[in-house]
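Structural description and commentary
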Amino acid sequence: MRENPFGQVLVALVTPFRADGEVDWDDVERLIDDCATNGVDGIVVSGTTGETSTLTDPEKIKLVEVAKSVAGDRAKVIQGGGSNETAHAIDLNQQAEAAGADGVMIVTPYYNKPTQAGVLTHFRMIADATDLPVILYDIPGRTGIPIRYETILRAAKHPNIVAVKDAKGDFAEVSRVLNQTDLLYFSGDDANVLPHLAIGASGLIGVTANVAAKPYRTMIDAVNAGDLHTAQAQHQALEPLVRAVMTHVPGTVAAKYILHGLGRIGSPRVRLPLVGPEDTEAALIEDELALVTGVDGLDLSEFRPDRNAAAGGALPKVHGTTR
């Protein structure tokens, strides 16, 4: 397996917005500092959880710059946006590299539904255009197509493609790729972090880590030390929190709802077409949180949800289209 340039505990950072839908840069700084202080090795900005599809390119690049400034040498910064247009993805990642990013994450082209030859060409051309280490992001539930096993094997031969973020959930394929390539594997499914680690994954890129990063640090350290009991305890303690974040509404929506209720961001606002949880959804999230106990670094006694503040979604002043 290749040397790991990213670390093991990576957070898929939410992008805090003000109530009017504009980025709250003070909250961005606070959240990044909180994650870095609580053991995160890497911060993925403007990924799926960061609402990349409604961010402008200048916002994406500023997120890299702010993350680098706040995290310093405490955590790596990965540009996670990507694009379904190869030329745009190349330009965006080159801008991210110039802004100081430590790596880029390339999502499978969405909506276009290219053949696997098109997917591979997309990955190779982007990787050719940067000197940064590249993570491939396999999430067919959002993109409409998987990165097939054969395509991963071919992509792994590129010197800049070093890792896969797996949100496909095919454990047999993960094992097969780990056996036949030197790629790093990162769990992209919060509920399956420990199972992924058990079969050889390098770490995680998680949404729930926005809310609670410390238990993932503890879990990773325990796995590294061969302490299965401690790792299992963290997995079990996190289970209802993961369910609260990942089950009832998109993870971005739930994570912001919880972070706002804890007073860690000023608004739970998301950008349309995402909207905040409806009352029934908010009630389900709150019911799951009532089951959370023993999560290191998380005190839910001060959780004060505001369903009204979370309602609806925002239209930003400048839309995120590339042309």
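None of these values were measured; they are calculated from a predicted model.

1. Here's the deal with the packing of aromatic side chains
- Taken as a whole and judged by the stated rule, the model has 2 aromatic pairs.
- Note on Phe6 and Phe186: the rings are 6.1 Å apart at their centroids and 75° apart in plane angle, and the pair reads as edge-to-face. Taken together, the residues span a long stretch of sequence, with Phe6 in the segment before strand 1 (9-12) and Phe186 in strand 7 (residues 184-187) at a distance of 180 residues.
- Taking the relative accessible area as the measure of exposure, Phe6 reaches 1% and is therefore buried.
- Exposure remark for Phe186: the relative accessible area of 0% places this residue in the buried category.
- Both rings, one in Tyr257 and one in Phe303, keep their centres 6.5 Å apart while their planes meet at 75°; by these two values the pair is edge-to-face. Placement of the pair is Tyr257 in helix 11 (residues 251-261) and Phe303 in the loop between helix 12 (279-289) and helix 13 (307-310), with a sequence separation of 46 residues.

2. Things to note about the pairing of strand 4 (residues 103-107)
- With respect to burial, strand 4 is a largely interior element, 5 of its 5 residues being buried.
- Here strand 4 shows a buried face lined by Gly103, Met105 and Val107 and a second buried face lined by Val104 and Ile106.
- With 2 bridges connecting them, strand 3 (residues 76-79) and strand 4 associate as parallel partners. Residue pairing across strands places Gln79 opposite Val104, the latter belonging to strand 4.
- Pairing of strand 4 with strand 5 (residues 134-138) involves 4 bridges; the strand directions are parallel. Counted as the bridge partner of Met105 is Ile135 from strand 5.
- You can see the chain leave strand 4, run along helix 4 (residues 116-128) and come back into strand 5, and the turn it takes is right-handed.

3. Focus on the sheet that holds strand 2 (residues 42-45)
- Read around the closed barrel, 8 strands run 1-2-3-4-5-6-7-8, paired in parallel fashion. If you compare each strand with its neighbour and ignore which way they point, the axes differ by 25° on average.
- The pairing of strand 2 with strand 3 spans 4 bridges and is parallel. Residue Val45 lies in a different strand from strand 3, and its bridge partner there is Gln79.
- Packed on one face of the sheet, helix 2 (residues 57-71) meets strand 2 and strand 3 and runs near 175° to strand 3.

4. Brief notes about the packing of helix 3 (residues 86-98) against helix 4
- Running from N to C, helix 3 and helix 4 point in directions that differ by 25°, and their axes come no closer than 9 Å. Classified by the interaxial angle, the pair formed by helix 3 and helix 4 is roughly parallel. As for the relative orientation of helix 3 and helix 4, their crossing is right-handed in sense. Within the contact between the two elements, helix 3 uses Thr86, Ala89, Ile90 and Asn93 and helix 4 uses His122, Met125 and Ile126.
- Of the residues belonging to the contact of helix 3 with helix 4, the class tally is 4 nonpolar, 3 polar and no charged.

5. Some words on helix 12
- All of the buried residues along helix 12 are Ala282, Ile285, Glu286, Glu288 and Leu289. Buried residues of helix 12, viewed axially, fall in a sector of 160°; they line one side. Opposite the buried face of helix 12, at more than 90 degrees from it, the exposed residues are Thr280 and Asp287.
- Looking at the buried positions of helix 12, the neighbouring elements they touch are helix 10 (228-246), helix 11 and helix 13.

6. Considerations on the pairing of strand 2
- Burial along strand 2 is two-sided: the residues Gly42 and Val44 and Ile43 and Val45 are all buried.
- Inspection of the sheet shows strand 1 paired to strand 2 by 3 bridges, in the parallel sense. Bridge assignment links Leu10 to a residue of strand 2, and that residue is Gly42.
- Crossover handedness for the path strand 1 to helix 1 (residues 25-37) to strand 2: right-handed.

Definitions and cut-offs
- All residue numbers refer to position in the chain's written sequence, counted from 1.
- For this predicted model, a pLDDT threshold of at least 70 governs which residues receive local features, and a threshold of 80 or more governs which side-chain atom pairs are given and counted, while totals over whole chains, interfaces and linings are taken from all residues.
- To get the side-chain values, take all heavy atoms of the structure and skip hydrogens and water.
- Pairing of aromatic rings covers Phe, Tyr and Trp, the last counted by its six-membered ring, and requires centre-to-centre distances within 6.5 Å; plane angles under 30 degrees mean stacked, over 60 mean edge-to-face, and any other angle means tilted.
- Where helices and strands are cited, they refer to DSSP runs of H or I of at least four residues and of E of at least two residues respectively, numbered from the N terminus.
- Exposure categories follow from relative accessible area, calculated using a 1.4 Å probe and restricted to protein chains: below 20% of the type maximum is buried, above 50% is exposed, and the middle band is partly exposed.
- In this description, strands pair whenever DSSP reports at least two bridges between them.
- The definition of a right-handed crossover adopted here requires that, viewed with the strands pointing away, the path from the first strand over the helix to the second runs clockwise.
- Each axis is a line fitted through C-alpha atoms, and for a helix only the stretch in contact is used; angles between axes span 0 to 180 degrees, taken between their N-to-C directions.
- Here, two residues are considered to be in contact whenever any of their heavy atoms come within 4.5 Å of each other.
- Here the word oblique covers every angle except those under 35 degrees (roughly parallel), over 145 (roughly antiparallel) and from 65 to 115 (roughly perpendicular).
- If you view the pair so one helix is near and one far, a crossing is left-handed when the near helix is turned anticlockwise from the far one by less than a right angle, and right-handed when it is turned clockwise.
- Amino acids outside the nonpolar list (Ala, Val, Leu, Ile, Met, Phe, Trp, Tyr, Cys, Pro) and the charged list (Asp, Glu, Lys, Arg) are all regarded as polar, and Gly is one of them.
- Here the arc refers to the directions that run from the helix axis out to each C-beta atom.

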